[in-house]
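# Survey of secondary and tertiary structure
Spelled out from the first residue to the last, the chains are:
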Amino acid sequence: MIQKQNIDAVFMGLGYIGLPTAAFAASKGLTVLGVDVNPTVVETINRGEIHIVEPHLGELVKKVIESGQLKAAVKPQIANAYFIVVPTPFKQNHRADISYVESATRMVIPYLKAGDLFVIESTSPVMTTEKMAALIWKERPELKDKIYIAYCPERVLPGNVIYELEHNDRVIGGINPESTQKAIEFYARFVKGTLHPTNARTAEMCKLTENSSRDVQIAFANELSMICDKAGINVWELIALANKHPRVNILQPGSGVGGHCIAVDPWFIVSDYPEQAQIIKRSRETNDYKADWCANRVIETARQFETANGREPVVACMGLAFKPDIDDLRESPAKYITSRILSESNAEVLVVEPNISEHKTYNLTEYREAYQKADIVAWLVGHKPFYDIQKDNSKIELDFCGIRK
Ligand SMILES: NC(=O)c1ccc[n+]([C@@H]2O[C@H](COP(=O)([O-])OP(=O)(O)OC[C@H]3O[C@@H](n4cnc5c(N)ncnc54)[C@H](O)[C@@H]3O)[C@@H](O)[C@H]2O)c1
């Protein structure tokens, strides 16, 4: 059992971000308590095991649990710093759901004392940190201006989290300059990247801006792909040529945009600033529309095949993940396109995802077998093995991700 007065930091939320951060801070000599409301998560971690997939995390957690630097619990304890790393999904109306941030904040409020640091890492709408500061002061008025409150977004890449936690630059914004300074001092204990000071609103907006910037740039490429299709131009060749310009760098089009960050975070700006966020909103809509456009193309091609051949085609949907070479299907446009083809066409549909072995809804087919059996091949995700499939000219190929560029 960690001695109460010795805890350097409490991390609220032990998921894809909270657990690696807690374990990494512990490995740098901090005494850390990781808190999660899910008791199974807590028990797993206290056994020195992990419940998520992330390279090198298993060894790290085992090491810091065995050394006693990290302990997990379902409730916080008295510490010197508290970090909120809980989910921030969006609701039906695309508004951010900050109820997890609020409930984690409420859980730590009874433990706060003068001089403590309170940091939100969860991706959050602008002004969330100030709202949580107001909540803390309402419940504990004696702590007004006596604790340090800041926002520090996370920008690690799943699959490379442990390295990036140490080496990425961080943006740190306090509700006042003293809070920024205090938070910077804390992160300097385990982050080697540069720590950039700012204020809380700018730091919150910075995270949303990073993901919106990607979304807008991908929307431009996706819009080009639909224009080029109409104009009879190979979009991949066009973009490669345009990028020969020394100051042009267009991204690649695809079957849409997915994942739990880029397809979600721009809505946090749009829902709060609907009048101003015109391009961000249109880009989100363009990227969502691209998935429908792809689905429509496949469904229409299958219908034409049936009319011409007097039989229903076999359609291979190549890929389900939200981007190449991962097994993550969250908010995936490929999964959405596949589900539309399954429900709206008469074709026999072969579902392919080489990065997962089974799926609870779909019967998966091996990718080479699916290609060989298909009349129509819809390339939905640019997974590496797909590039090795020799083109068979007897098949109709719909290339939405540049496999045949
Ligand atoms: N995963 C990523 O790649 C990534 C990257 C950058 C930012 N983020 C942001 O980081 C935040 C956390 O994301 P994640 O992927 O780690 O989420 P996650 O779903 O993997 O984990 C969140 C954990 O928080 C726990 N939890 C929920 N309410 C709690 C509470 N009140 N107290 C304690 N624990 C609680 C859940 O049980 C869960 O284990 C989100 O805001 C996300 O947008 C994620």
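## Observations regarding the sheet that holds strand β3 (residues 70–73)
What links the strands of a sheet is backbone hydrogen bonding, and the strands pair in either a parallel or an antiparallel sense. The strand order β3-β2-β1-β4-β5-β6-β7-β8 describes an open sheet built from eight strands, whose pairing is mixed. Two strands in the sheet have a free side with no partner beyond their single neighbour: β3 and β8 (195–199). Pairs of neighbouring strands in the sheet enclose a mean axial angle of 25°, with direction left out of account. Sheet topology places strand β1 (residues 9–12) next to strand β4 (residues 81–84); four bridges connect them, and they run parallel.

## Side note on the state of the cysteines
Enumeration over the complete set of coordinates arrives at zero disulfides. Unpaired in this structure, C152 has its nearest cysteine sulfur neighbour in C206, at a distance of 10 Å. Of the residues examined, C152 reaches a relative accessible area of 0% and is grouped as buried. The thiol of C261 is not disulfide-bonded; the next cysteine sulfur, from C206, is found 14 Å away. On the accessibility criterion, C261 (25% relative accessible area) is partly exposed.

## Things to note about the domain arrangement of the protein
Along its sequence, the protein is organised into domain 1 (4–201) and domain 2 (235–399). For domain 1 and domain 2, the distance between their C-alpha centres works out to 36 Å. Facing the 13 residues of domain 1 at the interface are 10 residues of domain 2. By the criterion of area lost to domain 2, the three top residues of domain 1 are F90, H94 and R95, representing 46% of everything that side buries. Linking domain 1 with domain 2 are one salt bridge, by the criterion used here. Where domain 1 packs against domain 2, one counts two residue pairs in polar contact (both at pLDDT 80 or more). Among the residues making up the side of domain 1 that touches domain 2, the classes are represented as eight nonpolar, four polar and one charged.

## Let's talk about helix α1 (residues 18–27)
Of all 10 residues in α1, nine are buried; the element is thus mostly enclosed. Along α1, the positions that sit buried rather than exposed are G18, L19, P20, T21, A22, A23, F24, A25 and A26. Contacts made by the buried residues of α1 are with β1, β2 (32–35), α2 (39–46), α3 (57–67), β3 and α6 (161–167).

## As for the environment of I45
Relative to the assigned elements, I45 resides in helix α2. Its relative accessible area of 1% is what places I45 among the buried residues. Put simply, I45 and A73 are 28 residues apart on the chain and 9.3 Å apart in space, counted from C-alpha to C-alpha. With residues near it in sequence (within four places) discarded, I45 still touches L14, L19, H51, V61, I65, L70 and A72.

## With respect to the sheet that holds strand β12 (residues 396–399)
With parallel pairing, the four strands of this open sheet are ordered in space as β10-β9-β11-β12. The sheet is open, and its two borders are formed by β10 (348–352) and β12, each paired with just one other strand. Across the sheet, the mean angle from the axis of one strand to that of its neighbour is 15°, orientation sign disregarded. As judged from the five bridges shared by strand β9 (residues 314–318) and β10, these two strands associate in the parallel manner. Within the sheet, the bridge partner assigned to V314 lies in β10 and is E348. Contacts from helix α12 (residues 333–344) reach β9 and β10 within the one sheet, and its direction differs from that of β10 by about 160°.

Calculation criteria
Residues numbered from 1 in each chain as written. Predicted model: local features only at pLDDT ≥ 70, side-chain atom pairs only at ≥ 80, totals over all residues. Heavy atoms only, no water. Pairing = 2+ DSSP bridges. Helix = DSSP H or I, 4+ residues; strand = E, 2+ residues; numbered from the N terminus. Axes fitted to C-alpha atoms, helices over the stretch in contact; angles between N-to-C directions. Disulfide = S-S within 2.5 Å. Buried < 20%, exposed > 50% of the residue type's maximum accessible area, 1.4 Å probe, protein only. Domains from an automatic or database assignment. Contact = heavy atoms within 4.5 Å. Buried area = accessible area lost by both parts, 1.4 Å probe. Salt bridge = Lys/Arg side-chain N within 4 Å of Asp/Glu carboxyl O. Polar contact = N/O pair within 3.5 Å; in protein donor to acceptor, adjacent residues only side chain to side chain. Nonpolar A, V, L, I, M, F, W, Y, C, P; charged D, E, K, R; others polar.

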